[in-house]
Amino acid sequence: MQWMMRYVLVSFVCFCFVSVRMFGTDWNVYVAPYKYDKACALTYTFDDGLIEHYTLAAPELEKRGFRGTFFINGSKVNEDHSKEIDKSKPRVSWRELKEMAARGHEISSHGWAHLNVTKYPLEIIKEEVQKNDSAIYVRVGMKPRTYAYPGNRKGGEAMAFITQNRVGTRMEQRSLGSKRTSRDLEKWMNTLIDTGDWGVTMTHGITYGYDAFPDPQVLWEHFDWVKAHEDKIWVGTFCEVAAYLKEKEAIRLKVISSKNGLRIYPALSLDKTLFTEPLTLVIEEENIKKAVVWQGKKKLSVTQKPGKIWFEFNPFGDEIRVKFK
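Residues numbered from 1 in each chain as written. Predicted model: local features only at pLDDT ≥ 70, side-chain atom pairs only at ≥ 80, totals over all residues. Heavy atoms only, no water.

Quick word on the overall build of the chain
Counting secondary structure elements, the chain contains eight helices and 19 strands. Residue burial in the chain is summarised as follows: out of 325 residues, 51% are buried. Considering only contacts within the chain whose residues lie at least 6 apart along the sequence, 71% involve residues at least 24 apart. Just so you have it, the chain exposes about 15,900 Å², and 51% of that area is on carbon and sulfur atoms. (Helix = DSSP H or I, 4+ residues; strand = E, 2+ residues; numbered from the N terminus. Buried < 20%, exposed > 50% of the residue type's maximum accessible area, 1.4 Å probe, protein only. Contact = heavy atoms within 4.5 Å. Areas by Shrake-Rupley, 256 points an atom, 1.4 Å probe, with all protein chains shown as cover.)

Section: a positive patch on the surface
A contiguous patch of positive charge, built from Lys290, Lys299, Lys323 and Lys325, is present on the exposed surface. For lysine 290, the position within the fold is in the loop between strand E14 (279–284) and strand E15 (291–295). (Patch = residues over 30% accessible without salt bridge, like charges linked within 9 Å, V, L, I, M, F, W, Y side chains within 5 Å. Salt bridge = Lys/Arg side-chain N within 4 Å of Asp/Glu carboxyl O. Lys, Arg positive; Asp, Glu negative; His and termini not counted. Charge placed at Lys NZ, Arg CZ, Asp CG, Glu CD.)

Section: the pairing of strand E10 (residues 198–203)
With five of six residues buried, E10 is to be regarded as a mostly interior element. Alignment of strand E4 (residues 40–47) against E10, held across six bridges, turns out to be parallel. What sits directly across from threonine 45, in E10, is methionine 202. Here two bridges tie strand E9 (residues 174–175) to E10, and the two strands are oriented parallel to one another. Each residue of the ladder has a partner; that of serine 175, found in E10, is methionine 202. (Pairing = 2+ DSSP bridges.)

Side note on the packing of aromatic side chains
As enumerated under the stated definition, the model contains ten aromatic pairs in all. Ring geometry for phenylalanine 46 versus phenylalanine 70: centroids 4.9 Å apart, planes at 15 degrees, classification stacked. Pair noted here: phenylalanine 46 is in strand E4 and phenylalanine 70 is in strand E5 (residues 69–72), with a separation of 24 residues, a long-range link. A relative accessible area of 1% places phenylalanine 46 in the buried class. Phenylalanine 70 gets classed as buried once you look at its relative accessible area, which sits at 1%. With centroids separated by 5.4 Å and ring planes inclined at 75 degrees, the aromatic side chains of tyrosine 147 and tyrosine 149 adopt a geometry described as edge-to-face. Residue tyrosine 147 is classed as buried on the basis of its relative accessible area of 0%. When its relative accessible area of 0% is taken as the criterion, tyrosine 149 is described as buried. Ring pairs connect the aromatic residues Tyr44, Phe66, Trp220 and Phe223, which therefore count as one cluster. (Phe/Tyr/Trp six-rings, centres within 6.5 Å; stacked < 30°, edge-to-face > 60°.)

Some words on the nonpolar core
If you look at the biggest cluster of nonpolar residues, it comprises 40 residues, and the most contacted ones within it are Leu42, Tyr44, Leu97, Ile107, Val226 and Ile233. Residue assignment for this core shows that the elements contributing at least two residues are E4, helix H2 (51–63), E5, helix H3 (94–102), helix H4 (122–140), helix H6 (182–195), helix H7 (217–228) and strand E11 (233–235). Those residues within four positions of valine 226 in sequence are excluded, and the remaining contacts are Leu42, Tyr44, Phe66, Met189, Ile233 and Val235. Membership of the second largest hydrophobic core comes to 32 residues, among which are Ile251, Val282, Ile309 and Trp310. (Core = buried A, V, L, I, M, F, W, Y, C linked by side-chain atoms within 4.5 Å.)

A word on the side chain of threonine 146
Relative to the elements of secondary structure, threonine 146 occurs in strand E7 (residues 146–148). A polar side-chain atom of threonine 146 sits 2.8 Å from a polar atom in the side chain of serine 108. When near neighbours in sequence (up to four residues on either side) are disregarded, threonine 146 contacts Phe71, Glu106, Ser108, Ser109, Arg166, Gly168, Phe238 and Cys239. (Polar contact = N/O pair within 3.5 Å; in protein donor to acceptor, adjacent residues only side chain to side chain.)

Some thoughts on the environment of valine 77
Looking at where valine 77 falls in the secondary structure, it is placed in the loop between E5 and H3. By relative accessible area, which is 8% here, valine 77 ends up buried. Distance in space between the C-alpha atoms of valine 77 and serine 93 is 5.4 Å, their sequence separation being 16 residues.

A word on the side chain of glutamate 277
Mapped onto the fold, glutamate 277 is located in the loop between strand E13 (261–267) and E14. Relative accessible area serves as the criterion here: at 9%, glutamate 277 is assigned to the buried category. Every residue in contact with glutamate 277, bar those within four places of it in the chain, is listed here: Lys35, Trp234, Glu240, Ala243, Tyr244, Glu247 and Pro315.

With respect to the packing of H6 against H7
Remark: H6 packs on H7, axes separated minimally by 10 Å, with the N-to-C direction vectors making an angle of 30 degrees. Classified by the angle their axes make, H6 and H7 are roughly parallel. As for the relative orientation of H6 and H7, their crossing is right-handed in sense. Residues Ser182, Leu185, Glu186, Met189, Asn190 and Ile193 of H6 form the contact with H7, whose own contacting residues are Val218, Glu221, His222, Trp225 and Val226. (Axes fitted to C-alpha atoms, helices over the stretch in contact; angles between N-to-C directions. Parallel < 35°, antiparallel > 145°, perpendicular 65-115°, else oblique. Left-handed = near helix turned anticlockwise from the far one by under 90°.)

Section: H2
Here H2 spans 18 Å end to end across 13 residues, near enough to the 18 Å set by a 1.5 Å rise per residue. Along its length, H2 shows its largest kink, about 30 degrees, at alanine 57, and proline proline 59 lies within four residues downstream of that point. Within H2 the residues assigned to the buried category are Ile51, Glu52, His53, Tyr54, Ala57, Ala58, Glu60 and Leu61. Of the surrounding elements, those touching the buried residues of H2 are E4, E5, H3, E10 and H7. In the segment just after H2, glycine 65 is the residue with positive phi, at about 80 degrees. (Expected span 1.5 Å × (residues − 1). Bend = angle between axes of the 7 residues up to and from the residue.)

Have a look at this one:
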């Protein structure tokens, strides 16, 4: 009877963490706090669509393999650089924004005319938001799934409208420019790693305008520091990280153990047209051996670390089959 009991399948259901005892072995199965099982997450956001976001910020991010989120006001996008709307703050064009999107950056909404959502009637804010969303979708080809409140002013009934059909809105942020030093930014990053938080930066000007850097080299050195520590830091767009965190909180896992592996059934009730971010599943066991993983008919890439494996999976997808060798 005891021999037979060893081979009975055991089923568990959880939010994102399961502990399974299988044939005298303890397995922990859970969704990683951040993609690739990183210690923390970092998102670079840039406001107001300045031209140097295109000429400086985006290229410097790309040099390190990073991508950023650029929150723009459609009314201030410049169609012709020979006729600048505000010569003291040259703006990016729709063509340049579309090019940035094609290179993997997120182009999202900061309101059509940068209106403070706490000071205008709801109908005006609705027009402000819808007009900007439509312009970005038509001119850039990217439907905004996030939003940054102009002036960081939040409150009132407009917030409920703005959050509809979005992955997230920017609620907290840390300015990178102005008087920040390389030491300040390094200290902040070490704190993020230690606490496991998501850091969201906010930058306007690089060399001119609000919160510009006295020396842009501070920003480039910060990018280099983050690149050197990317084994601990996931640099993702605002949409990517916001989607991941909400999916992680909402997912249910059903885990069934068998003689030589696991079957894992993910279930996620979020809108799959909005939430499209793969999740990272971690399986821990002190003496874990090499594993082969399939989701449906797709073989998944597996990363092996001491005492654990992890892999990306589709949270809306088919069952996951894990076979230990």
